[in-house]
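Coordinate inspection notes
Here's the letter readout for the chains.
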Amino acid sequence: MNILILGSGGREHALAWAALQNPKCDRLICAPGNAGMALIAECAALDIMDGAAVANYCLENKIDFVIVGPEAPLAAGVADDLRGAGILTFGPSKAAAMLEASKYFTKAVCDACNAPTAAYERFMQPEPAKTYIRAQGAPIVVKADGLAAGKGVIVAMSEAEALAAIDDMFDGSFGDAGAEVVIEEFMEGEEASFFVLSDGKSVLPMGTAQDHKQVGEGDTGPNTGGMGAYSPAPVMTPEVVQKTLDEIVQPTIDEMARRGTPFQGVLFVGLMIKDGQPRLVEYNVRFGDPECQALMMRLGAQALDVLLACAEGRLDQTRLNWADDHAMSVVMAANGYPGSYDKGTEIKGLEAVPPTSSLVVFHAGTTQDGDKTRATGGRVLNVTARGASLQEARDAAYAAVEKIDWPEGFYRKDIGWRAL
Ligand code: AMP
Ligand code: GLY
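These lines cover the structure that appears in this document, whether it is placed above or below. Only a predicted model underlies this, so the values are computations on that prediction, with no experimental measurement involved.

1. Re the packing of helix α7 (residues 103-113) against helix α10 (residues 238-258)
- Contact geometry of α7 with α10 gives a least axis separation of 9 Å together with a crossing angle of 100 degrees. As the angle between them shows, α7 and α10 are arranged roughly perpendicular. Every residue of α10 that contacts α7 at F105, V109, A112 and C113 is listed here: P251, T252, E255 and M256.
- The residue makeup of the contact of α7 with α10, split by class, is 6 nonpolar, 1 polar and 1 charged.

Structural data, given as structure tokens:
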């Protein structure tokens, strides 16, 4: 079959890498793709936010299956446009993508299905929000309602910080995303991510992972899109997984179906776990990045089979075979990230780390310039390795990182520290 993957990050490179190992994949196109994807697939310069253009491209190029990587096209309804044109598509409708696009929407769904999550209030005006913060005290969590590229959440350790966050949000620092604000109880515990496919009715767990959101070692400094991840997450014991499915995931899937907006795609379940009890932090409606890189490294070719089963509505007949293995992805980012950074610096030494079935340097923000590979983004490379233990995966990933010659980049040296 001919497969189109939408996106240009490390997540999409990992999805492409896994799909290519499956004999069902005849032709693979990535749009827009990056220098890493260009090494293994065709790249097409498509505007992935333009559903009609993507649908036309699919019809002209006889695309049998589309995998939508990032949230922005999902929230814009690109999956609806594709399905409307009769194209088999992995990814939720615009209506179901509200589980990521609106924090308040998710809270209301949790209320409706009794899923455990932080207590909250929603505000459209700064003054009542501030009154609420003063009444609750710190620590407290302030969230812009809409999509804010991972920057719309302020975990305020002091009241002053929370009040300042309210001013920022209503002053438009977060664009439209901040026109509504959700203020939440601060939850303590250990965070983990759980990935579950759903075809609208059935669910299929697709693995657990832990991400390091903060830029600095020891989980310090500003938040980023994620500086590294590993899978599985030790805190996600079989009991916690089952509780999460029974109390949070299946009730949400049932509630979305009941509303007439079934969720089809991957639900990224962000959890806070304390004393064996999981509570929902947030949903995303796509794979995590770089969590996906670690998951794909573990799943390989079967990832495509389950994404297809999900899109075709036959998850109830589908299984995954898990090896007793571990994977880790270490992010190499441009100096300065998540603040401002230089673009266009040259990355050398990639030829020293050729891809194998247990080690791949996924590209996140690169472009090819003649025979040179250049960094174009904040997060640039995701060095991802698999091993029999987390330590083995980690050693392999860091050994590869050392071979990459990119003085304008940096990485955290402690990915996985909590688990090791
Ligand atoms: P989110 O974008 O909702 O995942 O939030 C980003 C990060 O903020 C999460 O990964 C958590 O570390 C933290 N966070 C969000 N909500 C809460 C909460 N209610 N209590 C504690 N930490 C939170
Ligand atoms: N790594 C976190 C995310 O993809 O949202």
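2. Regarding the site of ligand 1
- For ligand 1, the set of nearby residues contains 15 residues, the closest of which are E184, M187, E191, K213 and E282.
- Between ligand 1 and E191 there is a distance of 2.5 Å, counted from an oxygen atom to a side-chain nitrogen or oxygen.
- Measuring from an oxygen atom of ligand 1, one finds a side-chain N or O atom of E282 at 2.6 Å.
- Broken down by secondary-structure element, the contributors of at least two residues to the shell around ligand 1 are β7 (140-144), β8 (153-156), β9 (181-185) and β16 (277-284).
- The class makeup of the residues in the shell around ligand 1 is 8 nonpolar, no polar and 7 charged.

3. Structural notes on the site of ligand 2
- With respect to spatial proximity, the complete set of residues near ligand 2 consists of D211, G225, F268, R286, G288, D289, P290 and E291.
- In the environment of ligand 2, a nitrogen atom lies 2.9 Å from a nitrogen or oxygen atom belonging to the side chain of E291.
- For ligand 2, whose free accessible area comes to 200 Å², the fraction covered by protein is 88%.
- For the shell around ligand 2, the residue count by class is 2 nonpolar, 2 polar and 4 charged.

4. Points about empty space enclosed by the protein
- One pass over the full model with this rule turns up 2 cavities of 30 Å³ or more.
- Considered as a void within the structure, the largest cavity measures approximately 100 Å³ in volume.
- The element that contributes the greatest number of residues to the lining of the largest cavity is β16, accounting for 4 residues.
- Partitioning the lining of the largest cavity into residue classes produces 4 nonpolar, 3 polar and 6 charged.
- Here the second largest cavity is characterised by a volume of approximately 50 Å³.
- If you go around the second largest cavity, the residues you meet are L15, V68, G69, L74, F90, G91, P92, G265, V266, V285, R286 and F287.
- Split into classes, the residues belonging to the lining of the second largest cavity amount to 8 nonpolar, 3 polar and 1 charged.

Conventions we followed
- Residues numbered from 1 in each chain as written.
- Chains lettered and ligands numbered in written order.
- Predicted model: local features only at pLDDT ≥ 70, side-chain atom pairs only at ≥ 80, totals over all residues.
- Heavy atoms only, no water.
- Axes fitted to C-alpha atoms, helices over the stretch in contact; angles between N-to-C directions.
- Helix = DSSP H or I, 4+ residues; strand = E, 2+ residues; numbered from the N terminus.
- Parallel < 35°, antiparallel > 145°, perpendicular 65-115°, else oblique.
- Contact = heavy atoms within 4.5 Å.
- Nonpolar A, V, L, I, M, F, W, Y, C, P; charged D, E, K, R; others polar.
- Near = heavy atom within 4 Å.
- Polar contact = N/O pair within 3.5 Å; in protein donor to acceptor, adjacent residues only side chain to side chain.
- Areas by Shrake-Rupley, 256 points an atom, 1.4 Å probe, with all protein chains shown as cover.
- 1 Å grid on protein atoms, 1.4 Å probe; cavity = no way out; pocket = protein on both sides within 12 Å on 5 of 7 lines; lining within 4 Å.
- Points joined across faces, edges and corners; volume = space filled by probe spheres on them.

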